[in-house]
Amino acid sequence: MRKLILLGICISFLLPTAMQAQYLRSSYFMEGSSTRIQLNPALQPKRGYVNLPGIGSVNAEVATNSLGIQDVIDVFDSDGEFYNNDKFYNRLKGMNEVNISANTDVISFGFYKGKGFWSFNVGARADVDATIPKTMFDYLRATDADNFSWSGESFDIRNEKLRLNAYIEVGAGYSRAINERLTVGGKAKLLLGAGNINLKINQIQMSGKGTGYDSEFQLKADAYMEASAKGLELEEENGYITDLDYNSFGISGYGAGLDLGASYQIMKNLNVSAAILDLGFISWGKSNSQVAESDKNTTINRDNYSDDVLDFDLFGLKKKENKSRTTSLSPTMVIGGEYGLLNNKLGLGLLSTTRFGQLKTYSELTFSANYRPNTLINTTLSYSMLQGGETFGIAFKIGPLMLGTDYMYFGNNSKHVNAFIGLSIPLGKKI
C-alpha cells in the first residue's frame, strides 16, 4: 500500500495537469454536450444520451504548484534519483502541493421524460491531496551523499500531509424548467466507500551524532493517521508501523452526496447559472478502520535511515484502538454567465470554479467563446487566468465524440495540461 501511495505522489510531480478536479470547464457552455451536467445539474443537454461504458466519460487530472513537463525530462536525466537533479530541486517550493483526481462512469445515461430531464450514472472516483515540504528533499539529497556524516547535522521536517478518498458513486439526477426563465436541477448520490487515508505528519526532528559509518541520528516524530479500507492491515516491527498492507477490495463505508444547480435567463441573450457540487460524506465502519499515532524517540544508525519521500519508518506510528469515522467530500462551487449572439449560435461566457480541497482551496476564472451551429457540432475556445498563469483551452463535439482540454501545451514548462474524452449515443430531443 505504501508503494502505491508513493507512486501516486511521484506521478503527481511528473504529470502536470489541471488544478480543478474531474470537470472539463470548457464544456460548460456547450449546449449540445451531455458533460455539462457534471458541472451543473440544471444545464440540460439538447438531447438524451447513453455514454459508452468505460470511455463515455473519462477524466484523469493531476496538479502541482511547482513542477512541469520539463521536469519530467529532468527526472529521466537523473537516473532515477530525481531529488538529486539540481533543475528539479530548484523548481521546488517551500511547500509542494499535490492533487490527483480521477473518475470514470461505467454506466451513464440521460433522457427527457415529460417536462423534465433524468440522468443516471454508476462510476468510480478517487481524490488524493498531499503537501510535501522542501525540507524533505533537503534531507534526501544530503543523506544520499557518499561522504555524508550525521555529525553536527539536523533536519526539521514539518506539515507533510496525505489524504486519499476512493469510492463508487451511484447517482440519479433530475432537472426541470420552472418557467420560461428559471431551470433548476439536482442530483442525489449513494456513495460506496472503497478506501480512505488521512495521514498528518506535524513534525519530524532528526539530529545526528558520531562520524563516518558509525554516525547515527536521534529521531522524534509527531504524526497521526486514520485509514479505512476492507482488508487493510498495519504491518508492525518492534511495535512500530512499517507499512500498510491492502489485500482485498470491498465496500468499507457508506455515504450520500448531493449536487444542486440553477440556470436563469435574465434577458433574451443573457443567461446566468450557479451550482454547488459534491456536498456529502462517507461513514467508515470500525471493523474496517485503523488508527495510529506517533510515539517515537529513538536512535537509528547510518544503515537504517529512509530514502523515500513517504516512509513509515520515520513517522513512529503505533497502532491505537480502532474507531468508526466520517469523512467529507471536497465540494466545488460553480458560477457562470453567457451572452448569446447571432441567434445564440455564438456565445461569450465567463465561468468561475472554486474547489474546496481537503488541504487547499483552488479557484479558476475562465473566459470562453462558444460556437454551436446545431446539436451535432459544438466548439469552444477558452482562456483561464488564475491557476498557474494564463492558459488556453479548446473543446469540440462532433456527433457522438467529444474531446477537450482546459490547458493547451505550447512547448513550455507548463504545470497545467489536461484532457477529456467522451463517446455517447444520442437519444430523443428536448420537446
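Scroll up for the structure.
Residues numbered from 1 in each chain as written. Predicted model: local features only at pLDDT ≥ 70, side-chain atom pairs only at ≥ 80, totals over all residues. Heavy atoms only, no water.

Visitor: It is not clear to me how the overall build of the chain should be interpreted in this structure. Could you clarify?
Guide: When you go through the chain residue by residue, the secondary structure sums to four helices and 22 strands. Counting all 431 residues of the chain, 50% fall into the buried class. Looking at the chain alone, contacts between residues at least 24 apart form 69% of all its contacts between residues at least 6 apart. When the accessible surface of the chain is totalled, it reaches about 19000 Å², and 57% of it is carbon and sulfur. (Helix = DSSP H or I, 4+ residues; strand = E, 2+ residues; numbered from the N terminus. Buried < 20%, exposed > 50% of the residue type's maximum accessible area, 1.4 Å probe, protein only. Contact = heavy atoms within 4.5 Å. Areas by Shrake-Rupley, 256 points an atom, 1.4 Å probe, with all protein chains shown as cover.)

Visitor: What is the right way to read the pairing of strand β16 (residues 332–341) from this model?
Guide: The two faces of the sheet receive side chains in turn, since in a regular strand these alternate between them. Residues Thr332, Val334, Gly336, Glu338 and Gly340 point to one face of β16 and are all buried, whereas Met333, Ile335, Gly337, Tyr339 and Leu341, pointing to the other face, are not buried. In terms of strand pairing, strand β11 (residues 270–284) meets β16 through eight bridges, oriented antiparallel. Bridge pairing links Val272 to Gly337 in β16. When β16 meets strand β17 (residues 346–356), the two strands line up antiparallel, connected through 10 bridges. By the bridge assignment, Gly337 is partnered in β17 with Leu350. Hairpin connection, β16 to β17: the antiparallel pair is bridged by four residues, and Leu342 has positive phi, about 50 degrees. (Pairing = 2+ DSSP bridges.)

Visitor: Even after reading the chapter, I still don't get the packing of aromatic side chains, so can you show me in this structure?
Guide: A ring pair, where both rings are aromatic, is described by two values, the distance of the centres and the angle of the planes. This structure, assessed with the given rule, holds 11 aromatic pairs. Ring geometry for Trp118 and Phe120: centres 6.2 Å apart, planes at 5 degrees, overall stacked. By relative accessible area, which is 32% here, Trp118 ends up partly exposed. Residue Phe120 is classed as partly exposed on the basis of its relative accessible area, which comes to 29%. Through a chain of ring-to-ring contacts, the aromatic side chains of Phe109, Phe111, Trp118, Phe120 and Tyr174 assemble into a single cluster. Between Lys134 and the ring centre of Tyr89, over which it is positioned, the NZ or CZ distance is 4.4 Å. The lysine or arginine in question, Arg141, covers the ring of Tyr89, its NZ or CZ lying 4.1 Å from the ring centre. (Phe/Tyr/Trp six-rings, centres within 6.5 Å; stacked < 30°, edge-to-face > 60°. Lys NZ or Arg CZ within 6 Å of the ring centre and 35° of its normal.)

Visitor: Looking at this structure, how should I read a nonpolar patch on the surface?
Guide: Among the surface-exposed residues, Tyr264, Ile266, Met267, Val272, Tyr339, Leu341, Leu342 and Leu348 lie close enough to one another that they form a single nonpolar patch of about 700 Å² accessible area. Those elements that place two or more of their residues in the nonpolar patch are β10 (253–267) and β16. The leading source of residues in the nonpolar patch is β10, at three residues. Among the structural elements, Val272 can be located in strand β11. (Patch = residues over 30% accessible without salt bridge, like charges linked within 9 Å, V, L, I, M, F, W, Y side chains within 5 Å. Salt bridge = Lys/Arg side-chain N within 4 Å of Asp/Glu carboxyl O.)

Visitor: When you look at the pattern of salt bridges in this model, what are you seeing that I'm missing?
Guide: When their charged atoms lie close together, side chains carrying opposite charge are able to pair. Evaluation of the coordinates by the stated rule reveals 16 salt bridges. As a salt-bridge pair, Lys189 and Asp278 come within 2.7 Å of each other at their nearest N and O atoms. Remark: Asp278 occurs in strand β11 and Lys189 occurs in strand β6 (residues 182–209); sequence separation between them is 89 residues. Classification of Asp278 by relative accessible area gives buried; the value is 3%. Notably, a salt bridge pairs Glu338 with Arg372, separated by 2.8 Å at the nearest N-O pair. On the criterion of sequence distance, the pair formed by Glu338 in strand β16 and Arg372 in the loop between β18 (361–371) and β19 (377–384) is long-range, its members being 34 residues apart. As far as the burial class goes, Glu338 and Arg372 line up, both buried. Beyond isolated ion pairs, a larger network of salt bridges with shared partners links Arg125, Glu169, Lys187, Lys189, Asp259 and Asp278.

Visitor: Mind showing me how you'd approach the nonpolar core here?
Guide: Most often, soluble globular proteins have nonpolar side chains that are buried together. Counting 39 residues, the largest nonpolar core has Phe137, Tyr139, Met206, Phe315 and Leu317 as its most contacted members. Sorting elements by how many residues they give to this core places strand β7 (residues 216–229) first, with six residues. (Core = buried A, V, L, I, M, F, W, Y, C linked by side-chain atoms within 4.5 Å.)

Visitor: Honestly, the side chain of Ser27 in this entry has me stumped. Any pointers?
Guide: By secondary structure assignment, the location of Ser27 is in the loop between α1 (2–14) and β1 (47–51). With a relative accessible area of 1%, Ser27 lands in the buried category. Separated by 3.3 Å, the side chains of Ser27 and Thr35 make a polar contact. Once residues within four sequence positions are removed from consideration, Ser27 is found in contact with Ser33, Thr35, Arg36, Leu39 and Met402. (Polar contact = N/O pair within 3.5 Å; in protein donor to acceptor, adjacent residues only side chain to side chain.)

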